[in-house]
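Chain by chain, the residues:
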Amino acid sequence: MFRLARTSFFTVLLVTARAAENQTWVSLPMNVPQNLSDLVFDGPTVPTLFGTPPQVINSTLDLNTAKLAVYSSSCVLCAGNTSFDVSMSSTVKPLNYSWPDSTLAYSGNVYSDTFGFGGLLQVADIPFGLIETGGDRDLAYLLYNGRLGLFPDPLNVTAASRHFLLQMYQSGQLLNPVVGMRFDPVNPKITIGALDPNDYQGYINWVPLTTPNATWKFQNTFMIDGLKGYNGSFLPESENLLAVLDSLWTGISMPNVDTYVKNKGFAGNVHYSLDHKAGVASYVCNSTVQPYVSLTATINGVDYPMDSLNNLLRPLASNIAPAGCCPIAPVNRTATLPNLNLGLPFLRSIYLAYRFPTDGCPGFYGFAFPSGHVNRTAAQLSQTPTSTPTNSAQCLALTPPTSTPTPSFMTAQQMLFSIKEYTVYGSPQNMSVPLLGVENFPGIVWNSSLSNSN
């Protein structure tokens, strides 16, 4: 999990990309754990390209910030398996000031360089934090390899215009100003520039993002109808509240978890344990039949049930619950506003679209159901939103993708290998492979006379 010294990594990136004329979109794999456990890093990572030639960084995806950072190849105590080597990029520039979000144990400096996705989307001179000290245990647990902030600052127009998504859109590269995401382990991916109709089913339920308060920790706020329990009724204090989406949070922060778990109408027939000191609610799960955590988010008239097993319900082996109990994701909210924090258990249960703000259009989130073998009924899939945004014709008329260009690029790591292949000594198959840095090896002169004299 943790890297204490400089290490080299070699990655071959496989991507799918589609384009129409000069505008394009790209589909990239998202790496997510099969189960949420609270014991290891649970966040999503996506492959990004930094520098010239590009270096592949599997950046942690963060939905509610614009922060862009990457771990230096010489970073001490940085968590991850990919890093950025400044010496390998011909376009990197130091900006000569400290990363504004540095702390004593988690710090670095600001650089700029070429940044992109899949070899098809690329912008120059994008500022980012190069983290050189990663000793903050909390951040090391949340951020793997670096941070990919997907949310341009809604309160700072100048800063938002410099965000890589806006830069890609303003330079005419994107087919649409939109990002599609699947966080579920069945088929996790991210699409930038278009929404792949093969990734979701049902209607895309578009809701506008609200203008946040500058004092709030989270800024990607939107209105939610409420949270429903087992009996299909809204939980107390959960209706018509501001909510945020958080891809670094493994829980569901909500009002009054005690009321939820103690009421069989909301929680169902479960046996529970409440640890108020630790703030953990758990269900007895020492039998062969796992308890079911019943929780549904209703947004614009559409019910989105959250998957229970290994999602809302965590493994029995967790060390944060009493013996014989499995911790559950819902926890009491700690902030007054926004009211609800919908973390990974919600994100792994839905398909998410993000229409970022451009050209007089505000930001929107779009919700749908993931396609494929997911546990959704025909009645759930046929739900329709209560309302449609008034500016849909202007802001949500997205161009469908058509043609398919082929990505063609070589990473900096791959360029270190020799073009010529060499046989491996002692290999029974006489397999030939490229070698790393072979051009720098000193030549060897074989002295045949010494050999013959023995």
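From a predicted model like this one, the values you see are computed outputs, not experimental measurements. (Residues numbered from 1 in each chain as written. Predicted model: local features only at pLDDT ≥ 70, side-chain atom pairs only at ≥ 80, totals over all residues. Heavy atoms only, no water.)

Asks: What is the right way to look at unusual backbone geometry in this model?
Replies: Working note: non-glycine residues mostly have negative phi, and peptide bonds are mostly trans. Note the cis peptide between T52 and P53, where omega equals -10°. Its identity is not glycine, yet N240 carries a phi of approximately 55°, on the positive side. N240 gets classed as exposed once you look at its relative accessible area, which sits at 58%. Within the chain, N310 stands out as a residue other than glycine whose phi angle is a positive 60°. Examined against the element boundaries, N310 turns out to sit in the loop between β22 (302–305) and β23 (325–327). (Buried < 20%, exposed > 50% of the residue type's maximum accessible area, 1.4 Å probe, protein only. Helix = DSSP H or I, 4+ residues; strand = E, 2+ residues; numbered from the N terminus.)

Asks: In this structure, what is going on with the sheet that holds β22? I would like to understand it.
Replies: For sheets, the rule is that strands pair by backbone hydrogen bonds, running either parallel or antiparallel. Here we have three strands laid out as an open sheet, ordered β16-β21-β22, and antiparallel in their pairing. In the strand order of this sheet, the two ends are held by β16 (226–228) and β22, each with one partner. Taking each pair of neighbouring strands and ignoring which way they run, the sheet shows an average axis angle of 30°. Taken together, the three bridges between β16 and strand β21 (residues 296–299) define a ladder with antiparallel strand orientation. Bridging across to β21, K228 finds its partner in T296. (Pairing = 2+ DSSP bridges. Axes fitted to C-alpha atoms, helices over the stretch in contact; angles between N-to-C directions.)

Asks: Would you mind going over the packing of aromatic side chains with me for this structure?
Replies: Describing an aromatic ring pair means giving the distance of the ring centres and the angle of the ring planes. Applying the stated criterion to the full structure yields 21 aromatic pairs. For the ring pair W99 and Y106, a centre distance of 6.2 Å and an interplane angle of 55° mean the geometry is tilted. There is no split in this pair, since W99 and Y106 are both buried. Linked through ring pairs, F151, Y169, F222, Y304, F346, Y354, F356, Y365, F367 and F369 together constitute an aromatic cluster. (Phe/Tyr/Trp six-rings, centres within 6.5 Å; stacked < 30°, edge-to-face > 60°.)

Asks: How should I be thinking about the side chain of N311 in this particular structure?
Replies: The topology assignment puts N311 in the loop between β22 and β23. Excluding residues within four positions of it along the chain, N311 makes contact with L36, A329, L344, P345, R348 and S349. (Contact = heavy atoms within 4.5 Å.)

Asks: Looking at this structure, how should I read the sheet that holds strand β15 (residues 221–224)?
Replies: Spatial strand order, β15-β17-β25-β18-β24: five strands in an open sheet with mixed pairing. With one partner strand each, in any of the chains shown, β15 and β24 (330–332) form the two edges of the open sheet. The sheet shows a mean angle of 35° between the axes of neighbouring strands, taken without regard to direction. Pairing geometry for β15 and strand β17 (residues 241–245), over four bridges, is antiparallel.

Asks: Help me out: how do you make sense of the pattern of salt bridges in this one?
Replies: Per the stated rule, a full pass over the model turns up seven salt bridges. Between D184 and R182 there is a salt bridge, and its shortest N-O distance comes to 2.9 Å. Across the pair, exposure class does not vary: D184 and R182 are buried alike. Of the charged contacts, one joins D303 and K228 as a salt bridge, the two residues approaching to 3.2 Å between their closest N and O atoms. Of this pair, D303 sits in strand β22 while K228 is found in strand β16, placing the two residues 75 residues apart along the sequence. Residue classification places D303 among the partly exposed positions, given a relative accessible area of 23%. Judged by relative accessible area, which is 16%, K228 ranks as buried. (Salt bridge = Lys/Arg side-chain N within 4 Å of Asp/Glu carboxyl O.)

Asks: Help me out: how do you make sense of the confidence of the model for the protein in this one?
Replies: Close inspection of predicted coordinates is inappropriate for parts of the model with low pLDDT. Averaged over all residues, the pLDDT of the protein is 87; the fraction at 70 or higher stands at 85%. In this model residues 1–20 is a low-confidence stretch, pLDDT under 50, and it forms 71 contacts with partners more than four residues away in sequence or in other chains. (pLDDT = per-residue confidence, 0-100.)

Asks: Can you walk me through the nonpolar core in this structure?
Replies: Within soluble globular proteins, side chains that are nonpolar tend to cluster in buried spots. Core analysis: the biggest nonpolar cluster contains 79 residues, and M181, F346, Y365 and F367 have the highest contact counts within it. If you tally residues by element for this core, the top one is strand β10 (residues 121–134), at five residues. Setting aside residues no more than four positions away along its own chain, F346 makes contact with L245, I252, A297, I299, Y304, M306 and F367. Core analysis: the second largest hydrophobic core is formed by twelve residues, Y200, I204, C361 and F364 among them. (Core = buried A, V, L, I, M, F, W, Y, C linked by side-chain atoms within 4.5 Å.)

Asks: In this structure, what is going on with the state of the cysteines? I would like to understand it.
Replies: Structurally, a disulfide amounts to a covalent bond that connects the sulfur atoms of two cysteines. Scanning the entire structure with this criterion turns up three disulfides. Each sulfur of the disulfide joining C285 and C326 lies 1.9 Å from the other. Judged by the sign of its S-S torsion, about 90°, the bond between C285 and C326 is right-handed. With C285 in the loop between β20 (280–284) and β21 and C326 in strand β23, this pair connects stretches of sequence that are 41 residues apart. The exposure classification of C285 matches that of C326, with both residues buried. Covalently, C361 is tied to C395 through a disulfide, its sulfur atoms 2.1 Å apart. Measuring the twist about the S-S bond at about -90°, one finds the C361-C395 disulfide to be left-handed. Here C395 lies in helix α8 (residues 392–395) and C361 lies in the loop between β26 (351–355) and β27 (364–370), a separation of 34 residues in the sequence. The same class applies to C361 and to C395, which are both buried. Take the cysteines of the protein that form disulfides and number them in order along the sequence; they join up as 1-2, 3-4, 5-6. For the unlinked cysteine C325, the closest cysteine sulfur is that of C285, found at 6.5 Å. With relative accessibility at 6%, the residue C325 sits in the buried group. (Disulfide = S-S within 2.5 Å.)

Asks: What is the right way to read the environment of D42 from this model?
Replies: With respect to the element layout, D42 can be found in the loop between β3 (23–29) and β4 (45–50). Judged by its relative accessible area of 5%, D42 falls in the buried class. For the pair D42 and T250, spaced 208 residues apart in the sequence, the C-alpha separation amounts to 7.3 Å. Filtering out sequence-adjacent residues up to four positions away, D42 remains in contact with P33, N35, L36, S37, Y141, T250 and L344. Polar side-chain contacts of D42 include one of 3.5 Å to the backbone nitrogen of S37. (Polar contact = N/O pair within 3.5 Å; in protein donor to acceptor, adjacent residues only side chain to side chain.)

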